[in-house]
Amino acid sequence: MALAVAALAGCGAPPGLGEPTSVPTHTAAPTPSGPSTAPATPPTTPPATAPSLGTVTPTPDAGLVATACRNGPTGQRVLQLLRGRAGVLPANVRVQVRTGPLCAGDWQFTVLTVTGHEELQVITRGEPGSPVLVTAGTDVCTIEVRATSPAGIRALACDAGPANGPGA
């Protein structure tokens, strides 16, 4: 060991390695020269039980789109309602169902052709055998319809404009 110390003592400081004239205020982190050594994240794969996007069939909400009522009410039932207790149509006026009833949720939309008058839009709701009149007229976009009806009914009553229901 004494020999190694003696060998080093006799050499002196290498050229350019003298006392520093000023003290550095910061030190820089070394820049990596090769590829990153961070572990690669393996690609994730869906579990074997997850269905592919091609096989997913979402269940449509019955209120989003108004479609022909499968279980009623019938157009004749809507006419009976308007001529009965509601008193909207007199018995002597000729009326024909032009569109509907179309159902969305438990709401129905019907357009009637009334001889000698403008078309009549009718919105009912409730059970198919005993619908309740919500509103009838040439502009059925009432506050109640806008606030509480399903989107399919609201689209027909409010977005189509007065007396411009389906097929107009």
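Residues numbered from 1 in each chain as written. Predicted model: local features only at pLDDT ≥ 70, side-chain atom pairs only at ≥ 80, totals over all residues. Heavy atoms only, no water.

J.: Please set out unusual backbone geometry residue by residue, giving values where relevant.
T.: Cis geometry is found at the peptide bond from G100 to P101, where omega equals 0 degrees. Within the fold, P101 resides in strand β2 (residues 95-104). (Helix = DSSP H or I, 4+ residues; strand = E, 2+ residues; numbered from the N terminus.)

J.: Residues and numbers for the pattern of salt bridges, please.
T.: Scanning the entire structure with this criterion turns up one salt bridge. Here R98 and E119 are joined by a salt bridge, their closest N and O atoms 2.5 Å apart. Note that R98 is positioned in strand β2 and E119 in the loop between β3 (107-114) and β4 (120-125), a separation of 21 residues in sequence. (Salt bridge = Lys/Arg side-chain N within 4 Å of Asp/Glu carboxyl O.)

J.: Describe the sheet that holds β2, with residues and values.
T.: Pairing in this open sheet of five strands is antiparallel, and the strands run β1-β2-β3-β4-β5 from one edge to the other. At either margin of the open sheet sits one strand with a lone partner, and together these are β1 (67-68) and β5 (132-137). Pairing analysis gives two bridges linking β1 to β2, with the strands arranged antiparallel. Bridging from a neighbouring strand, A68 pairs with L102 of β2. Running at roughly 110 degrees to β2, helix α2 (residues 75-83) makes contact with β2, β3, β4 and β5 of the sheet. (Pairing = 2+ DSSP bridges. Contact = heavy atoms within 4.5 Å. Axes fitted to C-alpha atoms, helices over the stretch in contact; angles between N-to-C directions.)

J.: Lay out α2 with the relevant residues and their values.
T.: The set of residues buried in α2 consists of G75, V78, L79, L81 and L82. Each buried residue of α2 lies within a common arc of 160 degrees when the element is viewed along its axis, so the set occupies one face. Where α2 is buried, its residues contact β2, β3, β4 and β5. (Buried < 20%, exposed > 50% of the residue type's maximum accessible area, 1.4 Å probe, protein only. Arc of directions from axis to C-beta.)

J.: Let's hear about the environment of L81: which residues, and what values?
T.: Mapped onto the secondary structure, L81 falls in helix α2. What makes L81 buried here is its relative accessible area of 12%. Residues in contact with L81, not counting those within four places in the same chain, are A86, T124, P131, V132 and L133.

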